[in-house]
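# Commentary on secondary and tertiary structure
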Amino acid sequence: MANKISGEDMEELKEAFRKVDIDNNGFICDSELTELFKEANLPLPGYKVREIIQKLDRNKDNQINFDEFISIFHELKGDNVAKTFRKAINRKEGILAIGGTSELSSVGTQHSFSEEERYAFANWISSALEKDPDCKHVLPINPSTDALFTAVGDGIVLCKMINLSVPDTIDERTINKKKLTPFTIQENLNLALNSASAIGCHVVNIGALDLKEGKPHLVLGLLWQIIKIGLFADIELSKNEALAALLREGESLADLMKLSPEELLLRWANFHLQNAGLNPINNFSSDIKDSRSYFHLLNQIAPDGSKEDKAAISISLAGLSEKDDLKRAESMLQQADRLGCRQFVTPADVVSGNPKLNLAFVANLFNKHPSLTKPENQDLDWGRLEGETREERTFRNWMNSLGVSPHVNHIYGDLLDALVILQLYERIKVHVDWNNKVNRPPYPKLGANMKKLENCNYAVELGKKEAKFSLVGIGGQDLNEGNPTLTLALVWQLMRRYTLNVLEDLGDGEAAGDELIIKWVNKTLTEAGKTSKISGFKDKEISSSLPVLDLIDSIQPHRINYDLVKKGSLSDDDKLDNAKYAVSMARKIGARVYALPEDLVEVNQKMVMTVFACLMGRGMKRA
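Residues numbered from 1 in each chain as written. Predicted model: local features only at pLDDT ≥ 70, side-chain atom pairs only at ≥ 80, totals over all residues. Heavy atoms only, no water.

Moving on, we come to the overall build of the chain. Of regular secondary structure, the chain possesses 28 helices and two strands. Within the chain, buried positions represent 53% of all 623 residues. Counting contacts in the chain only where the partners sit at least 6 residues apart, residues at least 24 apart contribute 60% of the total. As presented, the chain carries roughly 28300 Å² of accessible surface, and 47% of it is formed by carbon and sulfur atoms. (Helix = DSSP H or I, 4+ residues; strand = E, 2+ residues; numbered from the N terminus. Buried < 20%, exposed > 50% of the residue type's maximum accessible area, 1.4 Å probe, protein only. Contact = heavy atoms within 4.5 Å. Areas by Shrake-Rupley, 256 points an atom, 1.4 Å probe, with all protein chains shown as cover.)

Take a look at the structure:
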């Protein structure tokens, strides 16, 4: 069976299987299927779930293994039970493309994509980039055709969308915009993919050629990740202190900070619904299908004219009396349009309960009309409310780019059970005994933290005995309690090993380390006739970014425009300008750099090492 599946499809199926297999034991059981169908808005009674397992379980062990999982997608295409299962898989956010329109790929396999997503994303991009002169050649995008997939083909739109989601990720000077050739298009797509990875997008199995050819399921998957990051950017307490209004009795600010953006959005919606005297909702799929909750949410968040910068807007609730669901949804969206928020969903998307597009719709509502007031005169420890550090953000984005599950929103809160750390061990080729050594959710109500602590102890044990990390003074309890310094110490060693493993795979198996990288950098610079060199990763010369820029030009000659590079006695602004150009150019030539420009300016030894290591990897590939 596996021989008939392309490498790309196999990786996609492995990813899907891993996300459905909640406890990571290599099998999908009835409770995991129940959860899958619930999330996909296809709730089934227990006996129906058991029927599906009996139908698809070939070896009769009452669970579905990976081989059986593959057969569901590739052998049972005409089977109704398999169709139901595939539909649930496709609807579960973040696994596979949502079911909709099928396209035959070049290798003969079918990939589904959602016409609803195509429509929503095309309109969102057209609106977001409407005034950008560099995108006039593809905008506006007709949402009813496949124009979206063509529009991303030269990489410009993708780069622009990344900068909208996380400003200044890409130095605009590095985007090729005029007289595009296949080579300069390839550079743009490299820049977009590597920059997307740097902001936390999972881009494994997506290549520049896939985007150039406009493969729908891959384009939509990448666009959703980029758009979602932008929508969620300000839905965190450190950026919006008014979110403290959502605190419940007995909660601290630290508790609120650990909630994911999705959880905060649901709590925000319920905060306003309860103020309107309504019962809370549990999701943005089945619970919003009749549009009634949306009507009341819009009514609650509409400006009342009390703020000088916002005129009062009166929301009509007349549509609540409409008996037809689609007409009621249309009436609701007309009211949303009065708030400037008719984006992402159509009436059909609301009525069908499309979870992805409804989540985007609500996130946009929050961003434009949060209608929250920061609590005053409450005993809250605001002094401990700190935003994410640059290092924390870099590590978190690196982990998410590798596709860890669950997605890491809060670097300490989401690592307390060590499951993400154990997945990272697998990425650095350290064997994890999932069956005998790891406790997986759902954890028992009594003793849950003990189960998590056991995982943390195992993670530290693996680090010391198998990975040979330096973990002096670090114990499982430190991870379990979210100790920032000690948690980051372990995560850094995981990231460092991952980076060095890439070099070893490219070379002849020679152990890679700091000295090897420094030697290679200086040798490459000398052979290219460059005068710059580095004595180590703490070399103050690196703050100018000139050694990095020279190395990029050595690896791929004549790609650096030295007219854009500041030289001589440099101010801090000059150094940052050079660093922004250097980081984007490194990504543009194909190096997956996670470091930020500030890391070069400040000569952050850890991140500087990763920059040179990634460039060395790119140089070795070229050789």
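With that out of the way, let us pick up the side chain of serine 293. Mapped onto the elements of the fold, serine 293 is located in helix α14 (residues 292-301). Aside from chain neighbours lying at most four places away, what touches serine 293 is Leu273, Ile281 and Asp287.

Inspection of the entire model under this criterion finds 29 salt bridges. Between arginine 118 and glutamate 115 there is a salt bridge, and its shortest N-O distance comes to 3.5 Å. Linking arginine 118 with glutamate 115, this pair stays in helix α6 (residues 115-128), spanning three residues, or about one helical turn. Overall, the relative accessible area of 39% leaves glutamate 115 in the partly exposed class. Here glutamate 388 and arginine 396 are joined by a salt bridge, their closest N and O atoms 2.5 Å apart. (Salt bridge = Lys/Arg side-chain N within 4 Å of Asp/Glu carboxyl O.)

Here the focus is the packing of aromatic side chains. The full count for this structure, using the stated rule, is eight aromatic pairs. Measuring from ring centre to ring centre gives 6.1 Å for phenylalanine 121 and tryptophan 224, while their planes differ by 5 degrees; the resulting arrangement is stacked. With phenylalanine 121 in helix α6 and tryptophan 224 in helix α11 (residues 216-232), this pair connects stretches of sequence that are 103 residues apart. With centroids separated by 5.4 Å and ring planes inclined at 85 degrees, the aromatic side chains of tryptophan 268 and phenylalanine 366 adopt a geometry described as edge-to-face. Placement of the pair is tryptophan 268 in helix α13 (residues 261-275) and phenylalanine 366 in helix α17 (residues 355-368), with a sequence separation of 98 residues. Among the residues examined, phenylalanine 366 registers a relative accessible area of 2% and is labelled buried. (Phe/Tyr/Trp six-rings, centres within 6.5 Å; stacked < 30°, edge-to-face > 60°.)

Glancing now at α17. A rise of 1.5 Å per residue sets the reference length of α17, with its 14 residues, at 20 Å; its end C-alpha atoms lie 20 Å apart and thus fit the reference within 8%. The element α17 is extensively covered by neighbouring structure, given that eleven of its 14 residues are classed as buried. A side-chain oxygen of the first residue of α17 lies 3.2 Å from the backbone nitrogen of lysine 356; this N-cap is asparagine 354. (Expected span 1.5 Å × (residues − 1). Polar contact = N/O pair within 3.5 Å; in protein donor to acceptor, adjacent residues only side chain to side chain.)

The term disulfide refers to a covalent linkage connecting the sulfur atoms of a pair of cysteines. Scanning the model with the defined rule gives zero disulfides in all. Just so you know, cysteine 135 is unpaired, no disulfide at all, and the nearest cysteine sulfur is the one on cysteine 159, 9.7 Å from it. Judged by its relative accessible area of 0%, cysteine 135 falls in the buried class. (Disulfide = S-S within 2.5 Å.)

This next bit is on the environment of leucine 220. As for its position among the elements, leucine 220 is in helix α11. Residue leucine 220 is classed as buried on the basis of its relative accessible area, which comes to 3%. Once the C-alpha coordinates of leucine 220 and arginine 118 are considered, the two residues, 102 residues apart in sequence, prove to be 7.0 Å apart. For leucine 220, the contacting residues outside a window of four places in its chain are Phe113, Ser114, Glu117, Arg118, Phe121, Leu148 and Phe149.

Running from amino to carboxyl end, helix α19 (residues 419-427) crosses helix α23 (residues 484-506) at an angle of 20 degrees, the nearest separation of the two axes being 10 Å. Judged by the inter-axis angle, α19 sits roughly parallel to α23. Seen along the crossing, α19 lies across α23 with a hand that is left-handed. Where α19 abuts α23, its residues Ile421, Leu424, Tyr425 and Arg427 lie against Leu490, Leu494 and Tyr498. Tallied by class, the residues present in the contact of α19 with α23 amount to six nonpolar, no polar and one charged. (Axes fitted to C-alpha atoms, helices over the stretch in contact; angles between N-to-C directions. Parallel < 35°, antiparallel > 145°, perpendicular 65-115°, else oblique. Left-handed = near helix turned anticlockwise from the far one by under 90°. Nonpolar A, V, L, I, M, F, W, Y, C, P; charged D, E, K, R; others polar.)

Mapping valine 152 onto the fold places it in the loop between α7 (147-151) and α8 (156-165). Judged by relative accessible area, which is 0%, valine 152 ranks as buried. Setting aside chain neighbours within four positions, we find valine 152 in contact with Val157, Leu158, Leu189, Leu211, Val219 and Leu223.

Right, let's talk about α11 for a bit. Side chains that are three or four residues apart share a direction in an α-helix, a result of its 3.6 residues per turn. Relative to the 24 Å expected for 17 residues at 1.5 Å per residue, α11 spans 24 Å between its end C-alpha atoms, a close match to the ideal helical length. A large share of α11 lies buried, amounting to 13 of its 17 residues.

So, on to the nonpolar core. Among the nonpolar cores identified, the biggest contains 89 residues, and Leu222, Leu265 and Trp268 are the most heavily contacted of them. Residues within four places of leucine 265 in sequence aside, it is in contact with Phe232, Ile235, Phe284, Leu359, Val362, Ala363 and Phe366. Ranked by size, the runner-up nonpolar core spans 79 residues in total, among them Val430, Trp434, Leu500 and Leu503. (Core = buried A, V, L, I, M, F, W, Y, C linked by side-chain atoms within 4.5 Å.)

By secondary structure assignment, the location of arginine 496 is in helix α23. Arginine 496 sits in the partly exposed class, given a relative accessible area of 26%. Sequence-wise, arginine 496 and alanine 613 are 117 residues apart; in three dimensions their C-alpha atoms are separated by 9.5 Å. Discounting residues that sit within four places of it in the chain, arginine 496 has contacts with Asp514 and Met609.

The next thing to look at is the packing of helix α25 (residues 546-555) against helix α26 (residues 572-588). At a minimum axis separation of 9 Å, α25 and α26 run at an interaxial angle of 30 degrees. Between α25 and α26, the angle falls in the class roughly parallel. For the pair α25 and α26, the crossing hand works out as left-handed. Contacts from Val548, Leu549 and Ile552 of α25 reach α26 at Asn578, Tyr581, Ala582, Met585 and Ala586. A per-class count over the contact of α25 with α26 returns seven nonpolar, one polar and no charged.

Turning our eyes to something else, we now look at unusual backbone geometry. Cis geometry is adopted by the peptide bond preceding proline 140, which originates at leucine 139 and carries an omega value of -5 degrees. Note that the residue after serine 405, namely proline 406, is joined by a cis bond; omega there is 10 degrees. With respect to the secondary-structure elements, proline 406 resides in the loop between α18 (390-401) and α19. At lysine 468, a position not held by glycine, the phi torsion is positive, near 60 degrees.

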